[in-house]
Amino acid sequence: TNREQKEKVAKLVSEKVSKGDVIGVGSGSTALLALESISKRVKEEKLQITAIPTSKEAALHCNYYDIPTTTLLESRPNWGFDGADEVDEKLCLIKGRGGALFAEKLVMASSSKTYILVDESKFVSKLGEKYAVPIEVDPRAIHLVESELIKNFNPLLVKLRMANAKDGPVITETGNLLMDVKFQEITPLMEQQVKAIPGVIESGLFLNYSVEILSL
Ligand code: DER
């Protein structure tokens, strides 16, 4: 089953842990399974690690598993792990379904290596074929960003991400909004082209990071 597969990958990650590591902890369900298996090893072998969580969700999970946390202000990860929505053969990723992409990219960019935990459903031949790309935007910029995206990329769809458990749009941990954009095509320069639009805080295009895929 999917859960067995995820547990296998999660176990793979816990073997990467060394005593004293500072580890970037990703967000999402697969990263949570990895954290669970890491916490078991930490307890058994008293490994004394510190986590840098990429969301309040991840921070709460570190707390639940008694893993001490720090932040990028005071520390820097030796390595990290995270999930992804899509992975292509050039190891380019789409992330951000969970809405934590700003901190996830910050922690990934700060780590020398990030293990990306994915089951086979995440592999694509063409990035963007399954998932829209989340773009985190300052609320004042949503109309500007929408018109710039349409002008520059002629996307198939641009949608403001609406909340389920509250009225109105999802508000991210940096206090911004998310637009989910279905692009016709994703090219190598698009991560920086999207970022260059005034008001864009971050995008879910992770096109050139030191990642190693741990797949099932
Ligand atoms: O939102 C994110 O970037 C998460 O890492 C997501 O892409 C993967 O979540 P999952 O492990 O629950 O599929």
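All values derive from a computational prediction rather than experimental measurement.

Caption draft 1: Region of the structure containing the layout of surface pockets. Its boundaries defined by the atoms lining it, the largest pocket holds a volume of some 380 Å³. Ser27, Gly28, Arg97, Gly98 and Gly99 are, among the 25 residues lining the largest pocket, the residues nearest its centre. Here the residues of the lining of the largest pocket are counted per class, giving six nonpolar, ten polar and nine charged.

Caption draft 2: Region of interest: the sheet that holds strand 12 (residues 211–215). Spatially, the five strands line up as an open sheet ordered 2-1-3-6-12, and their pairing is parallel. With one partner strand each, in any of the chains shown, strand 2 (50–53) and strand 12 form the two edges of the open sheet. Across the sheet, the mean angle from the axis of one strand to that of its neighbour is 25°, orientation sign disregarded. Summarising the sheet, strand 1 (residues 22–25) and strand 2 pair through four bridges and their orientation is parallel. For Val25, the partnering residue across the bridge sits in strand 2 and is Pro53. Sitting on the sheet, helix 2 (residues 29–45) is in contact with strand 1, strand 3 (79–82) and strand 6 (114–118), with an inclination near 130° to strand 3. Running at roughly 155° to strand 2, helix 3 (residues 56–64) makes contact with strand 1 and strand 2 of the sheet.

Parameters and conventions
- Residues numbered from 1 in each chain as written.
- Predicted model: local features only at pLDDT ≥ 70, side-chain atom pairs only at ≥ 80, totals over all residues.
- Heavy atoms only, no water.
- 1 Å grid on protein atoms, 1.4 Å probe; cavity = no way out; pocket = protein on both sides within 12 Å on 5 of 7 lines; lining within 4 Å.
- Points joined across faces, edges and corners; volume = space filled by probe spheres on them.
- Nonpolar A, V, L, I, M, F, W, Y, C, P; charged D, E, K, R; others polar.
- Pairing = 2+ DSSP bridges.
- Helix = DSSP H or I, 4+ residues; strand = E, 2+ residues; numbered from the N terminus.
- Axes fitted to C-alpha atoms, helices over the stretch in contact; angles between N-to-C directions.
- Contact = heavy atoms within 4.5 Å.

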